[in-house]
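# Notes for the structure review
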Amino acid sequence: MSNLSLHFAQNFNHKLDCEYFTSIRPQRDIYQIGKKMDIYCQNHFLKKATIISIKTLTLAELDDWTAFLDAGMNRLKLTALLKTFYPEAESLLFNVLLLKTC
């Protein structure tokens, strides 16, 4: 069975260089604690990681702390960016995935 994969367009905040990093994604059942993920940035394989924690929130619940940690920008800028990635963002639940490099 192959690993799931997460694809990043950019290495915001250089988070993908760290042992622990976050990713904010629309909620999906495939995101489960303990799942191994292949991490790609601009279609280049970077590393393998394991989901070690998941927090679920709406865009309205996104705070500056989480936004700065995840993308190096305040919640208003990150919310606007997420709306460009996911036009239906206002009606979505998001998972904040905490991953650890394998």
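For the structure itself, consult the block above.
Residues numbered from 1 in each chain as written. Predicted model: local features only at pLDDT ≥ 70, side-chain atom pairs only at ≥ 80, totals over all residues. Heavy atoms only, no water.

## Notes on the environment of L82
Mapping L82 onto the fold places it in helix α2 (residues 75–85). For the pair L82 and I24, spaced 58 residues apart in sequence, the C-alpha separation works out to 8.8 Å. Residues within four places of L82 in sequence aside, it is in contact with I24, L59, L62, A89 and F94. (Helix = DSSP H or I, 4+ residues; strand = E, 2+ residues; numbered from the N terminus. Contact = heavy atoms within 4.5 Å.)

## Points about the sheet that holds strand β2 (residues 20–26)
With mixed pairing, the 5 strands of this open sheet are ordered in space as β1-β3-β4-β5-β2. What marks the edges here is a single partner per strand, and that holds for β1 (4–8) and β2. On average, each strand axis in the sheet is inclined to that of its neighbour by 40°, with strand direction left out of account. Where strand β3 (residues 36–41) lies against strand β4 (residues 44–57), 6 bridges are found, and the strand directions are antiparallel. Bridge pairing in β4 links M37 to A49. (Pairing = 2+ DSSP bridges. Axes fitted to C-alpha atoms, helices over the stretch in contact; angles between N-to-C directions.)

## Looking at the pairing of β2
Within β2, 6 of the 7 residues are buried, which leaves it mostly tucked inside the rest of the structure. Here 7 bridges tie β2 to strand β5 (residues 94–101), and the two strands are oriented antiparallel to one another. Across the sheet, residue I24 finds its bridge partner in β5, namely V96. (Buried < 20%, exposed > 50% of the residue type's maximum accessible area, 1.4 Å probe, protein only.)

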